[in-house]
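Listed below are the residues making up each chain.
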Amino acid sequence: MALIVEKYGGTSVGDVERINAVADKVAGARAEGHEMVVVVSAMSGETNRLTELAAEVNPEVPARELDVLLATGEQVTIALLTMALHRRGCDARSYTGGQVHIRTDAVHGRARILDIEDARVRHDLCQGRVVVVAGFQGVDEAQNITTLGRGGSDTTAVAMAAALKADECRIYTDVDGVYTADPRIVPEARRLDSITVEEMLEMASLGTKVLQIRSVEFAGKYRVPLRVLSSFGSGPGTLITFEEPLMEQPMISGIAYNRDEAKLTIRGIPDEPGIAYRILGPISDAHINVDMIVQNVGADGTTDLTFTVHRNDYPQSLSILKQTAEVLSARDVVGADDIAKVSIVGVGMRSHAGIATTMFRSLAEEGINIQMISTSEIKISVVVDDKYMELGVRTLHKAFGLENGTKHGDTPPSAG
Ligand code: ADP
Ligand code: ASP
Ligand code: MG
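Given the structure is predicted, the values throughout are model-derived calculations rather than measurements. (Residues numbered from 1 in each chain as written. Chains lettered and ligands numbered in written order. Predicted model: local features only at pLDDT ≥ 70, side-chain atom pairs only at ≥ 80, totals over all residues. Heavy atoms only, no water.)

What to know about the pairing of strand β16 (residues 302–310)
1) Next: In this sheet, β16 lies alongside strand β14 (residues 261–270) in antiparallel orientation, the contact comprising eight bridges. Its bridge partner lying in β16, E261 is registered against H310.
2) Next: In the sheet, strand β15 (residues 290–297) pairs with β16 via six bridges, with the strands oriented antiparallel. Directly across from V297, in β16, lies its bridge partner T303.
3) Next: Linking β15 to β16, which pair antiparallel, is a turn of four residues; within it G301 sits at a positive phi near 85°. (Pairing = 2+ DSSP bridges. Helix = DSSP H or I, 4+ residues; strand = E, 2+ residues; numbered from the N terminus.)

A few points about the sheet that holds strand β13 (residues 254–258)
1) Next: Strand order across the open sheet formed by four strands is β13-β18-β20-β19, with antiparallel pairing between neighbours. Among the strands making up the open sheet, the edge pair consists of β13 and β19 (372–376). The mean angle between the axes of side-by-side strands here comes to 20°, regardless of whether they run parallel or antiparallel.
2) Next: Summarising the sheet, β19 and strand β20 (residues 379–385) pair through five bridges and their orientation is antiparallel. Bridge pairing links S374 to S381 in β20.
3) Next: Each of β18 (339–345), β19 and β20 touches helix α10 (residues 355–365); the most contacted strand, β20, lies at about 20° to it.
4) Next: Packed onto the sheet, helix α11 (residues 389–399) meets β13, β18 and β20 and runs at close to 15° relative to β18. (Axes fitted to C-alpha atoms, helices over the stretch in contact; angles between N-to-C directions. Contact = heavy atoms within 4.5 Å.)

Comments concerning the pattern of salt bridges
1) Next: Counting across every chain of the model gives 26 salt bridges.
2) Next: The shortest N-O distance in the salt bridge between R214 and E217 comes to 2.9 Å. Residue R214 and its partner E217 are located together in helix α7 (residues 213–222), separated by three residues, close to a single helical turn.
3) Next: Given the relative accessible area of 29%, E217 is considered partly exposed.
4) Next: Each of E6, E168, R170 and R227 takes part in salt bridges that share partners, so that together they form one network. (Salt bridge = Lys/Arg side-chain N within 4 Å of Asp/Glu carboxyl O. Buried < 20%, exposed > 50% of the residue type's maximum accessible area, 1.4 Å probe, protein only.)

Considerations on the site of ligand 2
1) Next: Around ligand 2, the neighbouring residues are S41, A42, T47, E74, F136, R150, G151, G152 and S153.
2) Next: Between ligand 2 and T47 there is a distance of 2.8 Å, counted from a nitrogen atom to a side-chain nitrogen or oxygen.
3) Next: In this structure, S153 approaches ligand 2 through a main-chain N or O atom, which is 3.0 Å from an oxygen atom.
4) Next: Isolated, ligand 2 exposes 260 Å² of accessible area, and the fraction of that covered by the protein chains is 86%.
5) Next: Of the residues that constitute the shell around ligand 2, the class distribution is two nonpolar, five polar and two charged. (Near = heavy atom within 4 Å. Polar contact = N/O pair within 3.5 Å; in protein donor to acceptor, adjacent residues only side chain to side chain. Areas by Shrake-Rupley, 256 points an atom, 1.4 Å probe, with all protein chains shown as cover. Nonpolar A, V, L, I, M, F, W, Y, C, P; charged D, E, K, R; others polar.)

Quick word on the nonpolar core
1) Next: Judged by nonpolar contacts, the single largest core of 45 residues is most densely connected at V5, V37, M160, C169 and M200.
2) Next: Ranked by residues supplied to this core, first place goes to helix α5 (residues 153–164) with seven residues.
3) Next: Beyond its immediate stretch of four places on either side in the chain, M160 contacts V5, V37, V39, I102, I116, V121 and V133.
4) Next: With 24 residues, the next largest nonpolar core counts V13, V40, L81 and A92 among its residues. (Core = buried A, V, L, I, M, F, W, Y, C linked by side-chain atoms within 4.5 Å.)

Printed below as a string of structure tokens:
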């Protein structure tokens with residue numbers, strides 16, 4: 001008998017038929033004797049629908065009230081799933097995030113979980129009940145409802161698993177594991193039997209939305225045994241592992257992409273100490289995160305600085321940068337939000353030379369211009385024109401032989 005935390009995403013609870021299928025699965029596991037905690041997302045499309053509704057009522061949506069609204073999506077699915085479990089003779093109780101004391105900071109819309117008090121859940125488990133918890137939500141110290149950011153139910157599940165010291169956390173979704181690239185864009189992508197937590201962290205932070213980045217951070221920090229599986233099939237999925245595999249690694253494990261960024265450039269600024277600080281300081285004071293940064297030195301002693309921010313922060317960043325440009329007597333400010341970031345990720349990069357050359361050459365052969373580059377020990381990212389994003393992902397997938405698979409133990413794709 002094991003304590004298992006399962007999470008079902010939006011598509012997996014997208015209609016009554018699917019909720020019934022989840023109930024069958026959960027009731028089956030309970031009948032085998034497992035202690036079951038189930039985290040669910042809102043029905044697919046619901047969080048978007050609520051977000052649009054809010055914007056219709058007030059284009060400058062108050063963040064606290066938006067969280068009150070968005071949290072209702074998950075409250076619907078916990079109740080429906082619990083009713084379906086009762087119908088199957090399976091004792092179960094549904095709880096909102098606040099009711100099981102998922103305590104977060106007060107940053108509405110992207111709150112971070114601080115701690116979870118597990119007494120209530122443990123009591124129910126001892127009584128033999130299945131516990132159904134609303135994903136994506138918590139409460140701050142003053143009992144205000146908070147939400148954890150898009151995809152946040154993954155994080156609820158892994159945090160619950162960590163708090164309960166669960167034997168396994170299973171993320172059920174609409175693909176049967178983590179693939180070498182998004183199977184919606186690269187039909188030849190392959191499911192990985194396993195991926196290291198370090199690589200999964202990079203993939204998630206570079207835009208792979210199959211797991212929210214915070215959930216991978218929790219898994220790494222608390223060593224939660226984490227698996228991504230299909231809620232429609234019965235395959236083994238992908239295991240997130242903590243040790244570096246002993247096997248010979250392929251150069252690259254996966255390709256990630258991100259369409260959520262925008263690029264800003266301030267041109268003709270003095271090339272002197274403190275200039276980056278004077279430009280980026282006001283951006284960070286506005287709580288805007290900067291991702292990539294490039295500074296060029298011109299022949300005339302002036303310099304240009306280009307950086308990227310989240311697309312949602314683009315209008316505000318542009319107006320802040322224009323103010324800075326006036327203060328610094330800069331030549332001009334330009335920006336673009338029709339960009340995309342394409343990245344290659346792999347711990348194998350540490351032991352292989354020439355990876356960047358292969359990446360840049362294969363993009364050049366397709367006529368894709370690289371606007372910015374950034375690297376770390378296990379990833380290389382490039383910014384390209386948005387319209388070349390899909391071509392870029394497919395080109396790199398092919399260039400690094402990911403469709404053939406060199407990694408020991410991997411299997412051919414079985415879903416898309
Ligand atoms: P859920 O609603 O279950 O949380 P998500 O839509 O958040 O599901 O995540 C699953 C989706 O992630 C898949 O449908 C797939 O298109 C996308 N995805 C992007 N990159 C990958 C990848 N490398 N491997 C698997 N899925 C990926
Ligand atoms: N319902 C939320 C979203 O759509 C949280 C989640 O699904 O994980 O982002
Ligand atoms: Mg998700």
